[in-house]
Amino acid sequence: MAGRRLRITHRTGYRYAEVVEASFNEVRMTPMSAEGQLLLSHTLDVLPAAPIQSYTDYWGAHVEAFDVHVPHRMLEIVAISTVDTPPLPPYRAGGSWLQVHDPVVQDRFVELLRSTTYVDDAAQDPDRAWIVERMREEKDPESAAHLATYEVRRRIGYQPGVTDVSTTAAQAWRSGHGVCQDFTHATLSLLRGAGIPARYVSGYLHTEEPAVGEPVVGESHAWVEYWDEGWHAIDPTNDRAVGSAHVIVARGRDYADVPPLKGIYAGGQSEGLGVSVEITQL
Amino acid sequence: MTTAPADAANAPVAPFDEMITPDGTPRATHAAVMDTLTSIGASGLEVRARQRDAYLDRHGITFTLGERERPLPMDLVPRLLMSGEWQRIEAGVIQRLRALEAFLADVYGPGRVLADGLIPRSLVTSSTHFHREAWGISTPNDVRIHVSGIDLIRDEAGEFRVLEDNLRNPSGVSYVLENRRTLAHVLPEVFAAHRVRPVNEYPERLLDALKAAAPPEVSRPTVVVLTPGVHNSAHYEHTFLARHMGVELVEGRDLYCRDNTVYMRTTSGPEPVHVIYRRIDDDFLDPVHLRPDSVLGIPGVINAARAGRVTVANAIGNGVADDKAIYPYVPKLIRYYLGEEPILPNVDTFDLTDPDQRKHVLAHLDRMVVKPSDASGGYGLVMGPSATDEELAQAARDVISSPRNYIAQPVVTFSTCPTVVEDGRIAPRHVDLRPFAVNDGRNVYVLPGGLSRVALPEGSLVVNSSQGGGSKDTWVIDDGVGDERPAVEDWSDDGATVPWPPGYNATRRDNSPSAHDDRILQQERQQQQAGDRAAGGTPC
């Protein structure tokens, strides 16, 4: 699989029931330049217009912050990025249990091993503890990670609209339905339960097959990276290899560290006008 | 990291008395003051006490405890610190702050101390006050701890030790200034024989330090004091500091942030604000990044600070450095960042995440103080010797289920100072000391003296939260003795008979009336501290 040059147009809109006097927002929609992925250009447009401040956060994501102070009933955000993705990396064997469970490693990645609001410790849940047990019996963390993905996919069926942005790993597991965010959280729960450092990756996903010049409806996507003497990516939602179709934007402990958009405003109810992601391979 | 105390420490040790030496002779340093008090006599002191209460009442010097306001109980006997002792405290506080500043710059920046493995990363990242939102924010003059209150106690040997660091919103400094004013008013004659270092320059020093922290491009910075409001227990102090600095006292709703500039609403329109001396907790500061339900803060202020357009003092996230689980590592941090040996030692502390130390603590829980690591002050503290079996069992369960959230220390007996008790009698009572320090980026000013809090037990062993503690005017005396004096000094008792109040019964090592009593005094002190802090009545 060769690398791709992708142009991503990510539109987000909100409509408010009442006039909003002020809103404060942060956007994490800029693809990273790291590990072979190269950001070529990025623009962010907001309406009503506002000056944009950017910074790098604790987790290494590029954040764009802006506040809107003109009275408004609608907020529109358009992020356009062009990025080169690397080809699928060659297979690299992972490390051993001994290496992963080394106290130095466990302390270094402690934040990616502890439970969070979204990601509980599967080893503590009678419904999932047996999976963690079986993972630990696998010959190495890599096999355990594959088992985790297998069990998550066996348990959770892809179905939009059942879960929402606040659904936790435990809730998704119980409901048996979910979207990429839920698959990711559920997999993180199992991996961390088995003592394997693992992080949430937020980004975009292009079609499996290259499609040059053809705008396709893409998605804001989430997947998993786990550490076994190096980072390995797995995509539990699609069970696809993570390669040139995946664009990395942000990484963290769970969704709360990497939301594409978060903000507060003063005013009445808001209505999401939807999010669209269009990806064109150049 | 911690030192296991000798098991012999479990035998009660007499407290260090600041007026009477272990062999029963009074210290010459206290002679003049005690002479004056003796000549005033018990009945005279009762009169002065009433004058004091009237004075405090007239000036509205109160603090809120629970639902009611009451005068801050200031004891009439000042606490004396000789200049040699003070030099050591001052040097020790400054040293500690330099190391803690370096630590904060490090964990909110490159993280060298974590990469080097000096402190387990798990301790830092699991601190409830470690705010990743503050990562990468640099401060204009590299100061994060603009104001600190490092609590000290004096151990059985008379050595000052650090009990805890307060680097977020330490309060109590207004009482230091008020105590001096009050004592000078109701008991002017005690000052006659001594040159006492003044404390009244504090507001000016604080204002200078806050201005020095302003964004560098601002030539005449506007400073404000941000209070959570009149219902806060320290509101009196917020008003006091704003008034004495001559700056506005504001609430969150008086400020707003627009395009990374913070403005104050005034009758003549918006006015830019450059330094916010905030007396609200981190969690409430900015609903964009922290608690979204907070109405006390200013939406957008964290990014305004990140953009360097406003300075928040103290900085966001300082609590990671005064977390009690970090505290045992501070001596290491001093060596790591400064290459110096700590001047002020810690109190021995057990890291409960270490299995061996945890085992030792659980086996001796009835002789330990167990403290929640993220709470400030004595909130949630369990005092082993006085705890019920049920409380001990609960403490054991807590420690086992979440060792990171607790630390344990052997019971330390604080020093005692002469204090006016019932009937105008003078008797020893336990004290601690909170020296306040202000960092302007070039110098650290340590307010001479600080707040001495004194336990005022009223005969009963049950000290509930409504009783609170008292305080003492704390003097640093220019006695013309230089820095060559050691911290734990002999105080050159020449054996001369110096009058001291009849009946003052300091506990002596060789003549302890009852070892049991010492424990009780210590328990009361601790409980009281826990109680009034829990009610939000006292500092931090």
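Residues numbered from 1 in each chain as written. Chains lettered and ligands numbered in written order. Predicted model: local features only at pLDDT ≥ 70, side-chain atom pairs only at ≥ 80, totals over all residues. Heavy atoms only, no water.

*Asks:* Account for the overall build of chain A, with residues named and values stated.
*Replies:* Across its full length, chain A carries six helices and 15 strands. Relative to the globule expectation of 19 Å for 282 residues, the C-alpha radius of gyration of chain A, 19 Å, shows essentially globular dimensions. Considering only C-alpha atoms, chain A reaches an extent of 60 × 40 × 35 Å along its principal axes. Within chain A, buried positions represent 55% of all 282 residues. (Helix = DSSP H or I, 4+ residues; strand = E, 2+ residues; numbered from the N terminus. Rg over C-alpha atoms; globule rule 2.2 N^0.38 Å. Buried < 20%, exposed > 50% of the residue type's maximum accessible area, 1.4 Å probe, protein only.)

*Asks:* Please provide a residue-by-residue account of the sheet that holds strand β20 (residues 436-439) of chain B, values included.
*Replies:* All names here are of chain B. Across the sheet, three strands lie side by side as β4-β20-β21; this open sheet has antiparallel pairing. Since the sheet does not close on itself, it has two edges, and those belong to β4 (147-149) and β21 (444-446), each with one partner. Each strand of the sheet is rotated relative to its neighbour by a mean of 20°, with strand direction disregarded. The pairing of β20 with β21 spans three bridges and is classified as antiparallel. Across the sheet, the residue bridging to V438 is Y445, located in β21. This element, helix α2 (residues 83-107), spans β4, β20 and β21 of the sheet and lies at about 140° to β21. Along the sheet, helix α6 (residues 202-212) contacts β4, β20 and β21; its crossing angle with β20, the most-contacted strand, is approximately 35°. (Pairing = 2+ DSSP bridges. Axes fitted to C-alpha atoms, helices over the stretch in contact; angles between N-to-C directions. Contact = heavy atoms within 4.5 Å.)

*Asks:* Give me the lowdown on empty space enclosed by the protein, citing residues and values where you can.
*Replies:* As enumerated under the stated definition, the model contains 10 cavities of 30 Å³ or more in all. Here the second largest cavity is characterised by a volume of approximately 130 Å³. Of the residues that constitute the lining of the second largest cavity, the class distribution is nine nonpolar, three polar and one charged. (1 Å grid on protein atoms, 1.4 Å probe; cavity = no way out; pocket = protein on both sides within 12 Å on 5 of 7 lines; lining within 4 Å. Points joined across faces, edges and corners; volume = space filled by probe spheres on them. Nonpolar A, V, L, I, M, F, W, Y, C, P; charged D, E, K, R; others polar.)

*Asks:* Requested: an account of the domain arrangement of chain A, with residues and values cited.
*Replies:* Residues and elements named next belong to chain A. With domains assigned, chain A is organised as domain 1 (4-87 + 259-281) and domain 2 (97-208 + 218-256). For domain 1 versus domain 2, the distance between C-alpha centres works out to 25 Å. Carbon and sulfur atoms make up 56% of the area that domain 1 and domain 2 hide from each other, which totals about 2000 Å². When residues of domain 1 are sorted by the area they lose upon contact with domain 2, R4, W59 and I279 head the list and together hold 31% of the total. The interface formed by domain 1 and domain 2 includes one salt bridge. At the boundary of domain 1 with domain 2, the tally comes to 11 residue pairs in polar contact (both at pLDDT 80 or more). Listed by contribution, the elements that provide at least two residues to the side of domain 1 that touches domain 2 are β1 (4-20), β6 (72-85) and β15 (270-281). (Domains from an automatic or database assignment. Buried area = accessible area lost by both parts, 1.4 Å probe. Salt bridge = Lys/Arg side-chain N within 4 Å of Asp/Glu carboxyl O. Polar contact = N/O pair within 3.5 Å; in protein donor to acceptor, adjacent residues only side chain to side chain.)

*Asks:* Mind laying out the interface of chain A and chain B, listing which residues take part and the relevant values?
*Replies:* With 20 residues of chain A in contact, the opposing surface of chain B contributes 20 residues. Taken over both partners, the interface formed by chain A and chain B buries close to 1800 Å², and the fraction arising from carbon and sulfur atoms is 55%. Here chain A and chain B share one salt bridge between them. R132 of chain B serves as the salt-bridge partner of E111 of chain A, at 2.7 Å between the closest nitrogen and oxygen. Between the two partners, chain A and chain B, sit eight residue pairs in polar contact (both at pLDDT 80 or more). Elements with a minimum of two residues in the side of chain A that touches chain B: β2 (23-27), β4 (53-56), β5 (62-68), α2 (103-108) and β14 (261-265) of chain A. When residues of the side of chain A that touches chain B are assigned to their parent elements, the largest contribution, three residues, is made by β4 of chain A. Per-class residue counts for the side of chain A that touches chain B are eight nonpolar, three polar and nine charged.

*Asks:* Report on the pattern of salt bridges, specifying residues and quantitative values.
*Replies:* Summed over the entire model, instances satisfying the criterion amount to 38 salt bridges over all chains. The shortest N-O distance in the salt bridge between R128 of chain A and D120 of chain A comes to 2.5 Å. When its relative accessible area of 1% is taken as the criterion, R128 of chain A is described as buried. Looking at D120 of chain A, the relative accessible area reads 23%, which means it is partly exposed. Among the salt bridges present, the one from E341 of chain B reaches R335 of chain B, with a minimum N-O distance of 3.0 Å.

*Asks:* Now, about the packing of aromatic side chains: what can you tell me, with residues and values included?
*Replies:* Applying the stated criterion to the full structure yields 15 aromatic pairs over all chains. Three or more aromatic residues joined by ring pairs form one cluster here, namely Y58 and W59 of chain A together with Y108, F130 and W135 of chain B. The aromatic ring of W231 of chain A is capped on one face by R199 of chain A, whose charged end is 3.6 Å from the ring centroid. (Phe/Tyr/Trp six-rings, centres within 6.5 Å; stacked < 30°, edge-to-face > 60°. Lys NZ or Arg CZ within 6 Å of the ring centre and 35° of its normal.)

*Asks:* If you had to explain unusual backbone geometry to someone new, which residues and values would you point to?
*Replies:* Among all residues except glycine, the phi angle is most often negative; among peptide bonds, the trans geometry is most common. Cis peptide bonds are those with omega within 30 degrees of zero, and the linkage from L47 of chain A to P48 of chain A qualifies with 0°. Along the chain, the position of P48 of chain A falls in the loop between β3 (38-47) and β4. N314 of chain B follows A313 of chain B through a cis peptide bond whose omega is -5°. If you trace the backbone, N314 of chain B turns up in the loop between β13 (311-313) and α9 (330-338). In this model, E35 of chain A sits at a positive phi of 45°, which is unusual for a non-glycine residue. Turning to its location among the elements, E35 of chain A is positioned in the loop between β2 and β3.

*Asks:* Account for the environment of P215 of chain A, naming residues and giving values.
*Replies:* For P215 of chain A, the location among the structural elements is in the loop between β9 (198-205) and β10 (216-217). If near-sequence neighbours (up to four positions away) are discounted, P215 of chain A is found in contact with E278, I279 and T280 of chain A.

*Asks:* Residues and numbers for the sheet that holds strand β8 (residues 248-250) of chain B, please.
*Replies:* All names here are of chain B. In space, the four strands of this open sheet follow the order β8-β7-β12-β13, with parallel pairing throughout. On the outer flanks of this sheet lie β8 and β13, each paired with one strand and no other. Neighbour-to-neighbour, the strand axes of the sheet open up by a mean angle of 25°, direction not taken into account. The pairing of strand β7 (residues 223-226) with strand β12 (residues 275-278) spans four bridges and is parallel. Of the residues in β12, the one forming a bridge with L226 is R278. Packing against the sheet, helix α7 (residues 235-245) makes contact with β7, β8 and β12, and its axis sits at approximately 150° to β8.

*Asks:* Provide a residue-level description of the nonpolar core, including the pertinent values.
*Replies:* All names here are of chain B. Residues F103, V124, L255, V262, I276 and V301 are the most contacted members of the largest nonpolar core, which totals 77 residues. In terms of residue count, α2 provides more of this core than any other element does, nine residues in total. When near neighbours in sequence (up to four residues on either side) are disregarded, I276 contacts V224, L226, L255, V262, I298, V301, V310, T311, V312 and A313. (Core = buried A, V, L, I, M, F, W, Y, C linked by side-chain atoms within 4.5 Å.)

*Asks:* Run through the packing of α2 of chain B against α9 of chain B, naming residues and quoting values.
*Replies:* Residue and element names in this part refer to chain B. Interhelical geometry of α2 versus α9 gives an angle of 80° and a closest axis separation of 9 Å. For the element pair α2 / α9, the angle class is roughly perpendicular. Counted together, Q95, R96, R98, A99, L100, A102, F103 and D106 of α2 and V330, L333, I334, Y336, Y337 and L338 of α9 form the full contact between these two elements. Across the contact of α2 with α9, the residue classes tally to 10 nonpolar, one polar and three charged. (Parallel < 35°, antiparallel > 145°, perpendicular 65-115°, else oblique.)

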